[in-house]
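Results of the structural survey
Each chain, letter by letter, is given below.
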Amino acid sequence: MPRASDDPAVRARFDVVEQLLARGEVRRALDVAKDLHKACGSPETEALLVRVYRARIEEMLRLGMPNEAKALVDLVQERYPASRAACAEVQERVVVRSGNAQCPLARLAAPDLPGEEREHIEAFIRRSITDPRQVADFAGLPATHPLRVEAAAVVRALDAVTSRTVTDADLALPEVSRHSPFAPWKFLVRAVAHFHARQDDECRKCLAAIAFDSAPARLTPVLHGLIEGRAPANAAPAAAKLVVAVTGDTSRLRQALANLDAAFRSGRQRAVMDAIAEAVRECRRQRPELLDRLRQHISACAMVVDIPAESVRNAMGGASVKDAYFWRLFARAAEKRAETEGWVELFGACSGWEEFRRHAVHQGWFGAGGAEEAAVCLHMADLLAPLPLREYEVERDEMVRGLKKCGGMASYYRPSEHQPPSVMACVPPAPPETYFLYPEQIFGRACHATPSPELFRRWLDWAKANDQGDRAADDVAEAWHTACPTDPRPLLVLTENAEARDALGKALKYLTAAEELDGMNVEVRRARPRLLVATALRHLRKKQHHLVEKDLAELGESSQMAEGDWPALIEALRWAAHAIPSCANCVDWGMERLVAAAGDRLTATYLVHLVAHESKAFGLDNAVCDRLLSADVESAAFLRAAARARLLCEAMHLRFGMPEPWADALPAAVRCGDGNLSEAQLRALAGFVLGCGTTDSSASPRRMASTGYCLAGYGLKRPDADHARFLFLRGKSLLIEDARAPQRGLECLRAARMLAARRRDMVLVEEALDVERRYRYLVRNGSEPRGATGDHLNLMSAEQLQRVLATERESTEFPVVPAPAPARGVRQPARSAAAPPPKPEADRRQGVLPGLEELDNGQNELGDADDTGDDAEVDDELDEDEDLAFLDDDFVFGAGIDDDDEGPAPDMPPAILNVYLRLVAKYGEEKADRLLSMPDALARKEPKLLEELMWAFEELGLGGGGFMPPEPRRGKRK
Amino acid sequence: MKTQTSNEDPWAVLGIALDASDADIRAAYLAGVKRHPPDRDPDAFERIRDAYERIREPSRRISLMLLQVDPMAPFVSLLDAAGPAPRRLVGMPAWLDALKEA
């Protein structure tokens, strides 16, 4: 017999019912199922109708209509008797929900209840009882009935885990056996307990252990949703309410906080106040535990944007708690304010950090006098150290007076602030502390808290950088020595300070103490010969020649003096002790012995010159110079002598440079080759020529830069050399004065830092950083920084580093910027017809330098000495380029100054002429011209004249201060 | 994929006090990674490891303690940094109502 559902039309209506049920449209599904059953009347359609009725009854239970559900279940069972079995389970639930669970429970009291029926009732309890109180409070059973006892235990445990923190004893439930109909409740109780203890994994395990057909299992999706922090899909209203009640709903708070951010951004005070009130209200309602934090952040934020604290407090409905967290925010906010309002705000930041320090110790964030306290102090010192000293001192004194007058931060602890007792227990002392405004006192505290060499070194650096005088540096070193009595470094500092003051006796005393502590220390070992030589030189200067022999004897006893060039230096001193009291004609005395010690005549003569110069025996000095430089010298020997002398000078901390002709000869000698110099000699020589202001030469900085560039290149080509150092020197050469390839120079410095950091050479890292910062500062501001911080300190990748190294190894020519085309008919400077012809190629190959006479007569330039043909032309271009160096500046001063070769234009405004003439009077015509072409240099050398010039430009109505695009160099002026 | 953990308070992530010693910090870290091994709970493991890395060294820890707060940070970050809301104890009736209607 064909079934009704075999008919496609009927099948389609079956599918419609299923789809409606799946979508939760139970009532419509019921209508369709009724029509279908009316039309077909088959057992299949009846089964479908009963299933839909069951769904409708369950929906009624969910919607809180237990009586209606009971009526419907009775009707269905009456009308369709075959459905009784199918409706049994839902009928039980209807019975329980309509409060009629007593009916089956009451039968448990019957003494002759068959075992089968008991099992049936217990299954009913397991499946349908959703409130154990129905059993626990059921009067139809005796109070001692096991089910009532078990139900009461479950109720107590469930009440405990949902109302308070519980112990393991609360969860034990020994009354409930694992065969009891209440056994699933034990797992539910434990799951809730783990949920509140945030033991989510354990909670999930307990939920998995609940029998799937038991009543408590219906809560499993809800608990999973609670763990995730959201209600499960299609949750009943009570379940959704439970989720919100337990986990809270922060969506409105989030919105309020977003509004607050927007209000602060808008800058409208009224909007800010409204948003504060709303955010505080929502926070109090949804996350009350965060209210204090929110108030503290609002206070700090309002401070940064300068909204009155009183208004903010009113909007918040109370003051923020002034604990360590608040003061840290306060200090950071003041630091932010300093970025826009000026560095004076940093005083407020330091006050905030001091309050933070006190409260943090009080609250136990960290202990008193520990590394954390030192870190706070150092942070304050870092804030104050770079400030301009003069202005800083004036503002600081005013701040100190103000603090003392108003009692410091006492206003934050007034009774009207309603601070909690924990905060009031940490009220600032009266009179208020002010140490945090004095870097030296801050450093002192930090070093007292953590007496580490690094901290003392930073303190010392600050004292030196801020020109605090010798006494201040000595005080720091003394404090360091007291704190670390076994460390020789403070004694070395004291030694060097005394040496710098020419207090050599005292220096030797400190050095002896350092030697007793650590005689093997490299710095200590280096110091003694240096001091002894300095003593001998001082005796020579003071004409106490009889004491020199004693010094020399002492020097001879020193083991270090037997190494390197020190024996030659001793001989040079011995020579000076004899020659100085005699006469300039006695320069030959002892020279042979000295030459033997030095290894060559040139070095020996250079050492004699050095000693004569340092002894201030200038007559002798000149005589030696004449002898020394009167003959042609092989460039390699010249380089070696110069480098050895430089190394000795470095070891003796002497600033002595080179005789001027030597310095002039150096570039040409360097271009002939590296002279087989050692790595240390290359480094010393390059460091010397790139050390601005330390040469005695009149050679231009750019000539010296190109020489340093070349020397650094020799070092870079050596496979085992310290490439970091040579990259640093190369970078420095590219950034000197009128930098030709600044980007390349900066890349070299970064590569040097990276290589140095790999070798933990932090001194070189700092040096490279310092050069980079200074260059950037000069580019931006035109003057030297004082503790300025760089902002482009990023390193590079390994590939970039290799690329820079390869590029610099290959680049042998100092970058030259082509001279611009001549304009307005100005003649192009050219080599004079009277200039001597280029030296023969043969001379260049042999690397021979000219004699001194040629130099003095000005017949040749050492820089050109080895140039012939094309090379000579290149050098000519270099010279021209040097003459036209000012053209490479972005702008020159030119307004109002005529290009006429015959001096200032007759119509030159008097104000400008006045400045120009004063410059000429002070610096000479050529240098005055150069200064006028380099605003930065003029700003450094003559700031007042620059200001006058600017005023003159303003008065003339020349926008931009009279700056003009570059123009070719003017001719000679008279 | 690295999780966004930089805003979280590392002390809170590890469940330790601000004055916890080096040993306490390490113990909390080990306990955390034992509870959340990388193969089973990579996100939590990442959070714990990140928190530990940030406060393991005393110098970094102190710097973080001083400078981790930003007064101009969005206020919503307060909620994120505070972590999930506490689970409130709402009493038995609410739970039984949910069960009854489930």
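Everything numeric here is computed off the predicted structure, so don't read it as measured data.

Right, let's get into the overall build of chain B. For chain B, the helix and strand inventory stands at six helices and zero strands. For chain B, the succession of helices and strands along the chain, N to C, is α-α-α-α-α-α.

Quick look at the overall build of chain A now. Regarding its fold elements, chain A presents 50 helices and four strands. Within chain A, contacts between residues separated by at least 24 positions form 60% of all contacts whose residues are at least 6 apart in sequence.

Let's shift gears to helix H4 (residues 58–67) of chain B. Because each turn of an α-helix spans 3.6 residues, side chains separated by three or four positions in sequence point in the same direction. Within the sequence span of H4 of chain B, burial applies to Arg61, Ile62, Met65 and Leu66 of chain B. Buried positions in H4 of chain B, seen along its axis, are confined to an arc of 130 degrees and lie on one side of it. Every exposed residue of H4 of chain B that faces more than 90 degrees away from the buried side is listed here: Ser59 and Arg60 of chain B. Check the buried side of H4 of chain B and you find it contacts helix H19 (324–341) and helix H21 (371–384) of chain A together with helix H3 (42–55) of chain B.

What follows deals with the interface of chain A and chain B. Each side of the interface is counted separately: chain A has 54 residues, and chain B has 33 residues. For the side of chain A that touches chain B, the secondary structure elements donating two or more residues are helix H9 (146–163), helix H11 (183–196), helix H14 (237–247), helix H15 (251–266), helix H17 (291–304), H19 and H21 of chain A. Across the side of chain A that touches chain B, the residue classes break down as 29 nonpolar, eleven polar and 14 charged.

All names here are of chain A. By the element assignment, Glu310 lies in helix H18 (residues 309–316). Judged by the 9 C-beta atoms lying within 10 Å of it, Glu310 falls in the exposed class. Spatially, the C-alpha atom of Glu310 lies 10.0 Å from that of Ser299, the residues being eleven residues apart in sequence.

If you look at the biggest cluster of nonpolar residues, it comprises 175 residues, and the most contacted ones within it are Ala576, Leu607 and Ala752 of chain A. Broken down by element, this core gets its largest block of residues, ten residues, from helix H31 (residues 566–579) of chain A. Excluding residues that lie within four positions of it along the chain, Leu607 of chain A makes contacts with Ala568, Leu569, Ala572, Ala598 and Ala645 of chain A. Residues Phe124, Leu219 and Ala239 of chain A together with Trp95 of chain B belong to the second largest nonpolar core, which totals 50 residues.

Residue and element names in this part refer to chain A. Looking at chain A, pLDDT values average 77 and 79% of them are 70 or higher. Contacts for the low-pLDDT stretch residues 818–903, under 50 throughout, to residues beyond four places or in other chains number 144 contacts. Per-residue pLDDT stays below 50 along residues 959–974; that stretch engages in 36 contacts with residues further than four places along the chain or on separate chains.

The next subject is the environment of Ala368 of chain A. With respect to the helices and strands, Ala368 of chain A occurs in the loop between helix H20 (345–363) and H21. Ala368 of chain A sits eleven residues away from Arg357 of chain A along the chain, and the two C-alpha atoms are 8.9 Å apart.

Quick look at unusual backbone geometry now. All names here are of chain A. A cis amide bond links Ala430 with the next residue in sequence, Pro431, at an omega value of -10 degrees. Within the secondary structure layout, Pro431 lies in the loop between helix H23 (421–424) and helix H24 (439–449). The phi dihedral of Arg198 falls on the positive side, at around 60 degrees, and the residue is not glycine. Relative to the assigned elements, Arg198 resides in the loop between H11 and helix H12 (200–209).

As a further point, take the packing of H21 of chain A against H4 of chain B. Packed helix pairs are specified by the crossing angle of their axes together with the interaxial distance, meaning the distance between the axes. Contact geometry of H21 of chain A with H4 of chain B gives a least axis separation of 10 Å together with a crossing angle of 55 degrees. Judged by the inter-axis angle, H21 of chain A sits oblique to H4 of chain B. Where H21 of chain A crosses over H4 of chain B, the two elements pack in a sense that is right-handed. Contact with H21 of chain A, carried on its side by Ala371, Glu372, Ala375, Val376 and His379 of chain A, involves Pro58, Ile62 and Leu66 of chain B of H4 of chain B and no other residues of that element. By residue class, the composition of the contact of H21 of chain A with H4 of chain B is six nonpolar, one polar and one charged.

Once that is clear, we can look at the confidence of the model for chain B. All names here are of chain B. Mean pLDDT over chain B works out to 83, with 93% of the residues at or above the 70 mark. Within chain B, the lowest mean pLDDT, 80, falls on H4, and the highest, 91, falls on helix H2 (residues 22–35). Note that residues 1–5 has pLDDT below 50 and, in this model, seven contacts with residues that lie over four places away or in other chains. The ipTM assigned to the predicted complex is 0.75, against a pTM of 0.58.

Next up on the list: the environment of His379 of chain A. Mapped onto the elements, His379 of chain A comes out in helix H21. Expressed as a C-alpha distance, the spacing of His379 of chain A and Trp353 of chain A, which sit 26 residues apart in the sequence, is 8.7 Å. When near neighbours in sequence (up to four residues on either side) are disregarded, His379 of chain A contacts Trp353 of chain A together with Leu66 of chain B.

Quick look at the packing of H2 of chain B against H3 of chain B now. All names here are of chain B. The interhelical angle for the contact between H2 and H3, taken along N-to-C directions, is 165 degrees, at an axis separation of 9 Å. Taken together, the axes of H2 and H3 lie roughly antiparallel to each other. Here H2 runs over H3; the crossing is left-handed. Contacts between H2 and H3 involve Ile25, Tyr29, Gly32 and Val33 on the former and, on the latter, Phe45, Ile48, Arg49, Tyr52 and Ile55. For the contact of H2 with H3, the per-class residue count stands at seven nonpolar, one polar and one charged.

Moving on to helix H6 (residues 92–101) of chain B. Burial analysis of H6 of chain B places seven of its ten residues in the buried class, which makes it a mostly covered element. For H6 of chain B, the full list of buried residues reads Met92, Trp95, Leu96, Ala98, Leu99, Lys100 and Glu101 of chain B. Looking at the buried positions of H6 of chain B, the neighbouring elements they touch are helix H3 (43–62), H9, helix H13 (220–228) and H14 of chain A.

Analysis parameters
Residues numbered from 1 in each chain as written. Chains lettered and ligands numbered in written order. Predicted model: local features only at pLDDT ≥ 70, side-chain atom pairs only at ≥ 80, totals over all residues. Helix = DSSP H or I, 4+ residues; strand = E, 2+ residues; numbered from the N terminus. Contact = placed C-beta atoms within 7 Å. Buried ≥ 20, exposed ≤ 12 C-beta atoms within 10 Å, placed from the backbone. Arc of directions from axis to C-beta. Nonpolar A, V, L, I, M, F, W, Y, C, P; charged D, E, K, R; others polar. Core = buried A, V, L, I, M, F, W, Y, C linked by C-beta atoms within 7 Å. pLDDT = per-residue confidence, 0-100. Axes fitted to C-alpha atoms, helices over the stretch in contact; angles between N-to-C directions. Parallel < 35°, antiparallel > 145°, perpendicular 65-115°, else oblique. Left-handed = near helix turned anticlockwise from the far one by under 90°.

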